[in-house]
Amino acid sequence: MIDIAQVRADFPILQEKVNGKPLVYFDNGATSQKPKVVIDAIVNYYTTINSNVHRGVHTLSQLATDAFEETRRKLKSHFNPKHEHEIIFTRGTTESINLVATCLTNLVKSTDEIIISALEHHSNIVPWQMLCERTGATLKVIPMNDAGELKMEVYDELLSENTKIVAVNHISNALGTINPVEEIIEKAHKVGAWVLIDGAQSCPHMAIDLQALDCDFFTCSAHKMLGPTGIGFLYGKETILNQLPPYHGGGEMIKDCSFDKTTYAELPHKFEAGTPNIADVIAFGTAIDYLNQIGLSAIEAYEHELLTYGTQELIKIPGLKIIGTAKNKASVISFNIDNIHPFDIGTIVDKLGIAVRTGHHCTQPIMNRFSIPGTIRASFAFYNTKEEIDRLVAALQRAVTMLS
Ligand code: C6P
């Protein structure tokens, strides 16, 4: 059981007022709020051990390096890859997918096929389109049904010995669908394809065991799981990462550098050129500790309760239609009310202190699939409450009265 009052006290921003009203923060899919321990970790780093990492023998540099590498160890223990060096720090999911798609360029032939799904965020569409443009490979898309679930029978038909890589998200940010990634991975491996799982929306809400999942690449953004913005990681299996060329050239990614020839450092440094985002890596480690203190199974159970309650209360509003009704769903509710533009509703509920996201959620193909300009999206976290959902319902009722 989560002690919600205690948890809420850990997040300074949850004590704030917005437009004169206590904040209700339901935009967790965009970014989560940060507990004070995470904010303190950033301040403490700059106050006490600020220094570059992996570069100096002086004490501060060693302390900074230890704290930085401690996060990699925490991620190893949290996500269970086989090796710590399979965790590459990046700016987040977008950069991780771009890294893979770019570094695959010379391994992809014009006869190869890349499979993504109809549920992808633009971050997991555009880098693959760019890879196809560079190589002549073909992009294929697993379609979805009206509930926002992938049509797995079509996936079976799309897979072939030409499939080079399958890239799908674990949880859809726009609809909340939890995709059957285990099945997707197993089937892709049968035809010899690699699989990238975009874990941006799953990491904050469920325990993930990378070895059990057996995907070839996995991506994560710290800011969606209580950590800072601008930091995340790419996981890749050692044998595959060793086949890829480096992404960026620069300091720290070389073994030897001369004007004639440069050789590259071992993993993970080969993919971590330049001074990294040290403070935020360290604070990411603190966020992982905080999440584990609460426990992902408790988080998952409580968020499911919020999803059930929220769905039940929201559908009482006349004219409200939920977009995305998959059987297996995370705590995201996307909806529209009659023909009222989502933006107008979002603006009114904001005046009442409630933060929801409105628009296409960086998933225009999903909106096109449902022939809508966008949705209103309430995405819950474990620090939200049923009382806050009641406030959203009341605010929506007020918005409808004002706009109809
Ligand atoms: N979705 C949302 O409001 P970055 O920006 O790199 O941390 O994550 C990109 C990304 C990739 N995949 C999925 C499934 C995502 O949800 C996101 C980010 C936010 O839904 C911001 S657009």
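Residues numbered from 1 in each chain as written. Predicted model: local features only at pLDDT ≥ 70, side-chain atom pairs only at ≥ 80, totals over all residues. Heavy atoms only, no water.

1. Notes on the pairing of strand β7 (residues 163–169)
Counting buried residues along β7, six of its seven residues qualify, which places the element largely inside the surrounding structure. Both strand β5 (residues 113–117) and β7 contribute to a ladder of three bridges, which runs parallel. Paired with Ile114 across the bridge in β7 is Ile165. Taken together, β7, helix α7 (residues 181–190) and strand β8 (residues 194–198) form a β-α-β motif whose crossover is right-handed. (Buried < 20%, exposed > 50% of the residue type's maximum accessible area, 1.4 Å probe, protein only. Helix = DSSP H or I, 4+ residues; strand = E, 2+ residues; numbered from the N terminus. Pairing = 2+ DSSP bridges. Right-handed = clockwise from strand over helix to strand, strands pointing away.)

2. Structural notes on the pairing of strand β14 (residues 332–337)
For β14, the tally of buried residues reaches six of six residues, placing the bulk of the element in the interior. The side-chain alternation of β14 yields two buried faces, one formed by Val332, Ser334 and Asn336 and the other by Ile333, Phe335 and Ile337. Pairing of β14 with strand β17 (residues 375–379), which is carried by four bridges, proceeds in the antiparallel orientation. What sits directly across from Phe335, in β17, is Ile376.

3. Let's talk about the environment of Leu296
Within the secondary structure, Leu296 sits in helix α11 (residues 296–314). C-alpha separation for the pair Leu296 and His205, spaced 91 residues apart in sequence, amounts to 6.6 Å. Non-local contacts of Leu296, meaning those with residues more than four positions away in its chain, are made with His78, Cys203, Pro204, His205, Met206, Ala207 and Leu291. (Contact = heavy atoms within 4.5 Å.)

4. Re the packing of helix α4 (residues 93–103) against helix α5 (residues 126–135)
Following both chains from N to C, one finds α4 and α5 inclined at 15 degrees, their axes separated by 9 Å at the closest point. Of the possible angle classes, the one that applies to α4 and α5 is roughly parallel. The handedness of the crossing between α4 and α5 comes out as right-handed. Of the residues in α5, those touching α4 at Ile97, Asn98, Val100, Ala101 and Thr102 are Pro127, Trp128, Leu131 and Arg134. Of the residues contributing to the contact of α4 with α5, the split by class is six nonpolar, two polar and one charged. (Axes fitted to C-alpha atoms, helices over the stretch in contact; angles between N-to-C directions. Parallel < 35°, antiparallel > 145°, perpendicular 65-115°, else oblique. Left-handed = near helix turned anticlockwise from the far one by under 90°. Nonpolar A, V, L, I, M, F, W, Y, C, P; charged D, E, K, R; others polar.)

5. What about unusual backbone geometry?
Glycine aside, negative phi is the norm for most residues, and most peptide bonds take the trans geometry. A cis amide bond, omega 0 degrees, links Leu267 with the succeeding residue Pro268. As for its position among the elements, Pro268 is in the loop between β12 (262–264) and α10 (278–294). Backbone geometry places His54, a non-glycine residue, at a positive phi of 60 degrees. Residue position: His54 is located in the loop between α2 (36–49) and α3 (59–79). Classification of His54 by relative accessible area gives partly exposed; the value is 26%. Even without being glycine, Glu252 reaches a positive phi, approximately 75 degrees. Inspection of the secondary structure assignment puts Glu252 in the loop between α9 (238–241) and β11 (254–257).

6. Some remarks on the sheet that holds β17
The strand order across the open sheet built from four strands is β13-β14-β17-β16, with neighbouring strands paired in antiparallel fashion. Each edge of the sheet is formed by a strand with only one pairing partner; in this case those strands are β13 (320–323) and β16 (357–359). For this sheet the average axis-to-axis angle between neighbouring strands, irrespective of direction, equals 30 degrees. Direction of pairing for β13 relative to β14: antiparallel, over a ladder of four bridges. Looking at the pairing, Leu320 lines up with Ile337 of β14.

7. Observations regarding the site of the ligand
Inspection of the region around the ligand gives 16 residues, with Thr94, Asn173, Asp198, Gln201 and Arg357 positioned closest. In this structure, His121 approaches the ligand through a side-chain N or O atom, which is 3.5 Å from a nitrogen atom. The separation between an oxygen atom of the ligand and a polar side-chain atom of Arg357 is 2.5 Å. Bound to the protein, the ligand loses 88% of the 510 Å² it would expose on its own. The residue makeup of the shell around the ligand, split by class, is three nonpolar, nine polar and four charged. Of the residues that make up the shell around the ligand, three or more belong to each of domain 1 (4–30 + 295–403) and domain 2 (39–292). (Near = heavy atom within 4 Å. Polar contact = N/O pair within 3.5 Å; in protein donor to acceptor, adjacent residues only side chain to side chain. Areas by Shrake-Rupley, 256 points an atom, 1.4 Å probe, with all protein chains shown as cover. Domains from an automatic or database assignment.)

8. Some remarks on the packing of aromatic side chains
A complete count under the given rule lists ten aromatic pairs for this structure. Ring centres 6.4 Å apart and planes at 85 degrees place the aromatic pair Trp194 and Phe217 in the edge-to-face group. Placement of Trp194 in strand β8 and of Phe217 in strand β9 (residues 217–221) is noted, with a sequence separation of 23 residues between them. The class of Trp194 is buried, set by a relative accessible area of 15%. Owing to a relative accessible area of 0%, Phe217 belongs among the buried residues under this scheme. Ring pairs connect the aromatic residues Phe11, Tyr290, Phe382 and Tyr383, which therefore count as one cluster. (Phe/Tyr/Trp six-rings, centres within 6.5 Å; stacked < 30°, edge-to-face > 60°.)

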